[in-house]
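# Report on the structure
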Amino acid sequence: MNSSASLYFDSRKLTDNVRRIKALCRQQGVTLAAVVKAGCGWTDVARAALDGDCDMLADSRLHNLEQLAHGGIDAATMLLRLPAPSQAEAVVRLCEISLNSEYDSIHALHAAAHRLGRKHRVLLMVELGDRREGVAAQQLPQLIERIKALPMIEVAGIGTNLGCLGGIRTTPEKLTELVELARASERQLGYPLQYVSGGNSGTLPLLLEGRLPAGINHIRVGFSMLLGRNPFTDEPLPGLHTDVFELEAELIEVQTKSSLPDGEIVLDAFGHVPVFEDLGDQVRGILSLGRLDTDLATLKAKDSGIEIIGASSDHLVLDMTSVRGAYAVGDKVRLVPGYGALVQAMLSPYVTKRPDLNAGWRRERGGLLRMVR
């Protein structure tokens with residue numbers, strides 16, 4: 001497919017990000033699971049993470065893990081999303097460990113493990129305030145007691161997830177509670193837990209500040225590994241690359257137009273009533289990219305002189321007044337994706353995925369990129 005929109009990926013910068021995070025983890029005795037679910041099964045992303053010396057790969061989709069296996073990726077894997085009982089056999093076959101909070105699902109995993117002749121390891125998720133997945137702390141002993149009767153299931157650890165639904169910050173107090181639950185679980189099980197998994201990228205600031213409670217020995221990092229940012233503030237994290245990925249699309253129109261629509265304003269194609277400010281005439285560019293391809297709310301232009309006005313399904317509209325004359329139809333415009341924009345672009349079949357961020361391009365006219373043909 002001759003796509004005019006591309007997602008570029010710098011594998012060296014991703015490897016460097018993982019290596020730096022891994023070094024930080026190693027200093028404090030923490031195992032690093034590299035969350036590659038935003039790669040949607042792209043083996044280049046997984047290989048770059050493994051080259052950075054992560055301890056395991058983690059993904060929320062079995063389809064992605066199967067794609068990685070078919071692509072020759074040989075690594076310990078963790079399933080992040082709670083497994084559906086109907087998928088139990090695939091989970092046992094594809095994953096060394098899975099995150100769980102429901103006995104019925106764990107029982108299905110036990111049955112599948114028995115059929116396949118291999119034990120399956122589970123990490124029990126505990127609800128600590130974000131109100132997504134996890135068993136209530138007071139119900140954890142009852143769940144463990146039932147699991148003890150399943151010989152093909154091993155409790156590898158306990159964990160929690162914060163920040164993804166309720167926006168709850170990862171704090172030393174929350175993680176200390178998790179460590180206390182882990183110690184009680186070990187006494188109940190009669191053996192030590194390998195992992196006390198203290199959350200996601202939101203845990204990295206605690207690592208950087210030396211405030212991670214003793215006993216937390218595992219984290220699951222995706223957002224900060226891929227984007228180099230603090231997920232709670234969107235600020236860059238020290239020493240990490242923030243430009244591992246870039247989106248690019250071709251200008252298909254550059255025209256001067258009024259900033260205000262002319263006529264009665266009704267619902268747009270996505271069910272919203274648009275609001276516009278009168279800014280006079282603008283130089284407007286249209287890119288061959290739209291809401292079918294990326295998330296507008298987490299996207300910005302790399303050129304600070306360009307602002308995103310809005311988008312429909314297939315057209316991204318830009319205010320290019322400040323860079324008047326610098327771009328023409330056929331030129332490429334680079335865009336910086338946030339997490340939502342990255343994942344949606346990765347999923348879009350209309351966006352070409354390219355593993356080398358700058359291959360085939362030359363710099364012209366103050367940094368403008370043009371394709372070498």
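In this text, all values refer to a predicted model and were calculated from it rather than measured experimentally.

## Structural notes on the overall build of the chain
A count of helical and extended segments in the chain gives 10 helices and 19 strands. Its C-alpha atoms give the chain principal-axis dimensions of roughly 70 × 45 × 40 Å. Looking at the chain residue by residue over its 373 residues, the buried ones come to 51%. Contacts spanning at least 24 positions in sequence make up 65% of the contacts within the chain whose residues lie at least 6 apart. As displayed, the chain has an accessible area near 17,200 Å², and 49% of this comes from carbon and sulfur atoms.

## A look at the side chain of Ser224
As for its placement among the helices and strands, Ser224 is situated in helix H9 (residues 223-227). Here Ser224 falls in the buried class, since its relative accessible area comes to 0%. Setting aside anything within four residues of it in sequence, one finds Ser224 in contact with Asn17, Ile21, Ser201, Leu204, Arg229, Asn230, Pro231, Leu237 and Leu240.

## Observations concerning the packing of aromatic side chains
Throughout the structure, instances matching the rule amount to 3 aromatic pairs. Where Phe9 meets Phe245, the ring centres are 5.0 Å apart and the plane angle is 20°; that geometry is what we call stacked. Here Phe9, found in strand S1 (residues 5-9), pairs with Phe245, found in strand S11 (residues 245-258); they are 236 residues apart in sequence, far enough to count as distant. Neither Phe9 nor Phe245 differs from the other in exposure class; each is buried. A network of ring pairs unites the aromatic residues Phe9, Trp42 and Phe245 as a single cluster. Its guanidinium or amino end placed over the ring of Tyr103, Arg146 lies 3.7 Å from that ring's centre, counting from NZ or CZ. Sitting over the face of the ring of Tyr8, Arg334 holds its NZ or CZ atom 4.6 Å from the ring centroid.

## What about the pattern of salt bridges?
If the charged atoms of two oppositely charged side chains come close together, the side chains can form a pair. A full pass over the atoms with the stated rule returns 19 salt bridges. Salt-bridge contacts for Lys332 lead to Glu250; the nearest nitrogen and oxygen are separated by 3.7 Å. Of this pair, Lys332 sits in strand S16 (residues 332-337) while Glu250 sits in strand S11, and the two are 82 residues apart along the sequence. Accessibility expressed as a relative area gives 16% for Lys332, which makes it buried.

## Some remarks on the environment of Ala184
Among the secondary structure elements, Ala184 is positioned in helix H7 (residues 172-189). With relative accessibility at 32%, the residue Ala184 sits in the partly exposed group. Between the alpha carbons of Ala184 and Leu79 there is a distance of 25 Å; along the sequence they are 105 residues apart.

## Side note on a nonpolar patch on the surface
There is a patch of nonpolar side chains on the surface, built from Leu260, Ile265, Val273 and Phe276 and spanning about 320 Å² of accessible area. Looking at where Leu260 falls in the secondary structure, it is placed in the loop between S11 and strand S12 (281-287).

## Focus: the environment of Leu94
Along the polypeptide, Leu94 turns up in helix H4 (residues 88-94). On a C-alpha basis, the gap between Leu94 and Gly202 in space is 27 Å, while along the polypeptide they are 108 residues apart. Once you skip the residues sitting within four places of it in the chain, Leu94 turns out to touch Leu62, Glu66 and Thr77.

## Overview of the packing of helix H6 (residues 140-147) against H7
At a minimum axis separation of 10 Å, H6 and H7 run at an interaxial angle of 30°. Seen along the crossing, H6 lies across H7 with a hand that is right-handed. Along the contact surface, H6 presents Leu140, Pro141, Ile144 and Glu145, while H7 presents Leu181, Ser185, Gln188 and Leu189. Here the residues of the contact of H6 with H7 are counted per class, giving 5 nonpolar, 2 polar and 1 charged.

## Some thoughts on the pairing of strand S10 (residues 218-221)
Here S10 shows two buried faces, one formed by His218 and Arg220 and the other by Ile219 and Val221. When strand S2 (residues 31-35) meets S10, the two strands line up parallel, connected through 4 bridges. Looking at S10, one finds that Thr31 is bridged to His218.

## What to know about the nonpolar core
Grouped together as the largest cluster of nonpolar side chains are 98 residues, with contacts concentrated most on Leu124 and Met225. Residue contacts for Met225: discarding those within four places in its chain leaves Leu14, Asn17, Val18, Ile21, Ala34, Val35, Val36 and Ala49. Listed in part, the 12 residues of the second largest apolar core include Ala33, Met56, Leu80 and Leu99.

## A few points about unusual backbone geometry
Despite not being glycine, Cys40 has its phi angle at roughly 50°, a positive value. A relative accessible area of 22% means that Cys40 is categorised as partly exposed. With a phi angle near 75°, Asp53 is a residue other than glycine that sits in the positive phi range.

The rules behind each value
Residues numbered from 1 in each chain as written. Predicted model: local features only at pLDDT ≥ 70, side-chain atom pairs only at ≥ 80, totals over all residues. Heavy atoms only, no water. Helix = DSSP H or I, 4+ residues; strand = E, 2+ residues; numbered from the N terminus. Buried < 20%, exposed > 50% of the residue type's maximum accessible area, 1.4 Å probe, protein only. Contact = heavy atoms within 4.5 Å. Areas by Shrake-Rupley, 256 points an atom, 1.4 Å probe, with all protein chains shown as cover. Phe/Tyr/Trp six-rings, centres within 6.5 Å; stacked < 30°, edge-to-face > 60°. Lys NZ or Arg CZ within 6 Å of the ring centre and 35° of its normal. Salt bridge = Lys/Arg side-chain N within 4 Å of Asp/Glu carboxyl O. Patch = residues over 30% accessible without salt bridge, like charges linked within 9 Å, V, L, I, M, F, W, Y side chains within 5 Å. Axes fitted to C-alpha atoms, helices over the stretch in contact; angles between N-to-C directions. Left-handed = near helix turned anticlockwise from the far one by under 90°. Nonpolar A, V, L, I, M, F, W, Y, C, P; charged D, E, K, R; others polar. Pairing = 2+ DSSP bridges. Core = buried A, V, L, I, M, F, W, Y, C linked by side-chain atoms within 4.5 Å.

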